[in-house]
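# Residue-level structural notes
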Amino acid sequence: MFLESKKAHLAVIIGCVFYSMNGLFITRIHDMAISPIIFYRLLFGLLFLFAYIVARGKTSDLRLKQKKGSLLLQGVLVVSCMLLYFTCLKITCVSIAILLQYTAPIYVMLASPVILNEKIGKESIAALFVAITGVFLIVKPEGGFSGLEFTGTYMLGMIAGLLSGVVFAAMILNVKVMKKEYPEIAIIFWPMAIAFLLLSPSAFDVSLTVLKENLKVLAAFGIISIGFGEIFTILGLANLKAQTGSLLALVEPVSGVFFDIAVLGIALSSETLAGCILIMASAALISLKDSRKMGEGEKEPFLKEITPEVPPESLL
């Protein structure tokens, strides 16, 4: 029973590990703007997702039901989150962009009692404080934030970053809303397809020669990030409390740090290490809280809602 209760937690963490490889792919893509990169990432990711769905014999799960507006909303949120994040990244820096986007658990914790009737426990508040502190330590610029100049353009980037966090939180909450009507496969596929259509004009923003040069990297980027990352993350988020899922998603910057060390050879500072430890501690705290509830008789949604035909371990 204890191991069963960990499947949804583990799915989110694995998905975040796949997502954290984004930087590794971006550094290997040359002469392409952000919009076409996102478009072709979605293209290859969707092809992989569709092949996975067909291979699993789950095409019937894609049947549209009620709450079509929630699927459309999720697609719009996906595109908005990407564009806001990269706008912040372009105007400010990587540190600010990551820090502002990962304020999402704050908004989830504030909104989930109203939207999803979730209770806010002391453990969740403590885990949130520990996790945000850890993110701050990981992404803080070497000279600190005091040396940054907050000009008009810079403030625009800051606002974009804050909005990316709000939109990210809305995506997490909307997954829980859609789960009442749709299986995880539909929640994964349709919003990505909508985002793909919205970004389709970007397909023509890159020459055929440049596209051919980056094709292999783009294909791997889409399969790993949109394919594996989306499957595991949505599978976990759909079957956890929104508060729990948003906190576990903070594992992504930790994974990113270790990929930077292992692949790019970037040195690990003491502050970064401390931040990683704090985030992992917050994930452990929130997981132990859920496990204790399981022991007290509160069933984990993951056990109640995942059918035997779609066990998470079958994705490995």
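Anyway, here's the lowdown on the structure attached to this text. Note that the structure is a prediction, hence the values are computed from the model and not measured.

Overall, the coordinates contain eight aromatic pairs when judged by the stated rule. Ring geometry for phenylalanine 18 versus phenylalanine 228: centroids 5.4 Å apart, planes at 25°, classification stacked. Of this pair, phenylalanine 18 sits in helix H2 (residues 7–19) while phenylalanine 228 sits in helix H11 (residues 208–237); the two residues are 210 residues apart in sequence, bridging distant segments of the chain. An angle of 50° between the planes, with centres 4.9 Å apart, marks the rings of phenylalanine 48 and phenylalanine 228 as tilted. Here phenylalanine 228 lies in helix H11 and phenylalanine 48 lies in helix H4 (residues 34–55), a separation of 180 residues in the sequence. Note on phenylalanine 48: relative accessible area 23%, which makes it partly exposed. Members of the aromatic cluster, connected to one another through ring pairs, are Phe18, Phe48, Phe228 and Phe232.

Formed by 83 residues in total, the largest nonpolar core has its most connected members in Met32, Tyr40, Leu42, Leu49, Phe168 and Leu218. Looking at this core, the element that brings in the most residues is helix H9 (residues 152–179), giving eleven residues. In contact with methionine 32, not counting residues within four places along its chain, are Ile37, Tyr40, Val206, Val210, Asn214 and Leu218.

Together, Leu72, Val76 and Leu198 line one region of the surface with nonpolar side chains, adding up to about 250 Å² of accessible area. Mapped onto the elements, valine 76 comes out in helix H5 (residues 68–91). Judged by its relative accessible area of 35%, valine 76 is partly exposed.

So, about the side chain of glutamate 230. In this structure, glutamate 230 sits in helix H11. For glutamate 230, which is buried and forms no salt bridge, the nearest opposite charge comes from arginine 41, at a distance of 6.6 Å. Every residue in contact with glutamate 230, bar those within four places of it in the chain, is listed here: Tyr19, Ile188, Met192, Ser225 and Leu235.

So, about H11. Given a rise of 1.5 Å per residue, 30 residues ought to cover 44 Å, yet the end C-alpha atoms of H11 are separated by just 38 Å, more than 12% below that figure. The largest bend in H11 is about 60°, located at asparagine 214.

Quick look at the environment of isoleucine 279 now. Along the chain, isoleucine 279 turns up in helix H14 (residues 270–295). For isoleucine 279, a relative accessible area of 0% corresponds to the buried category. Here the alpha-carbon distance between isoleucine 279 and leucine 247, two residues 32 residues apart in the chain, equals 8.7 Å.

A few words now on the packing of H5 against helix H10 (residues 184–198). Look at H5 against H10: their axes get within 8 Å of each other, and the N-to-C directions meet at 60°. With respect to H10, the element H5 is oriented oblique. Two packed elements cross with a definite hand, and for H5 against H10 that hand is right-handed. Where H5 abuts H10, its residues Leu71, Leu72, Gln74, Gly75, Val76, Val78 and Val79 lie against Ala186, Trp190, Pro191, Met192, Ile194, Ala195 and Leu198. Of the residues in the contact of H5 with H10, the class split is twelve nonpolar, two polar and no charged.

Attention now moves to unusual backbone geometry. With a phi close to 60°, aspartate 31 is a non-glycine residue in the positive phi region. Residue position: aspartate 31 is located in the loop between helix H3 (22–26) and H4. Phi at lysine 67 takes a positive value of approximately 60°, unusual for a residue other than glycine. Secondary-structure assignment places lysine 67 in the loop between H4 and H5. For lysine 67, a relative accessible area of 36% corresponds to the partly exposed category.

What counts, and where the lines are drawn
Residues numbered from 1 in each chain as written. Predicted model: local features only at pLDDT ≥ 70, side-chain atom pairs only at ≥ 80, totals over all residues. Heavy atoms only, no water. Phe/Tyr/Trp six-rings, centres within 6.5 Å; stacked < 30°, edge-to-face > 60°. Helix = DSSP H or I, 4+ residues; strand = E, 2+ residues; numbered from the N terminus. Buried < 20%, exposed > 50% of the residue type's maximum accessible area, 1.4 Å probe, protein only. Core = buried A, V, L, I, M, F, W, Y, C linked by side-chain atoms within 4.5 Å. Contact = heavy atoms within 4.5 Å. Patch = residues over 30% accessible without salt bridge, like charges linked within 9 Å, V, L, I, M, F, W, Y side chains within 5 Å. Areas by Shrake-Rupley, 256 points an atom, 1.4 Å probe, with all protein chains shown as cover. Salt bridge = Lys/Arg side-chain N within 4 Å of Asp/Glu carboxyl O. Lys, Arg positive; Asp, Glu negative; His and termini not counted. Expected span 1.5 Å × (residues − 1). Bend = angle between axes of the 7 residues up to and from the residue. Axes fitted to C-alpha atoms, helices over the stretch in contact; angles between N-to-C directions. Parallel < 35°, antiparallel > 145°, perpendicular 65-115°, else oblique. Left-handed = near helix turned anticlockwise from the far one by under 90°. Nonpolar A, V, L, I, M, F, W, Y, C, P; charged D, E, K, R; others polar.

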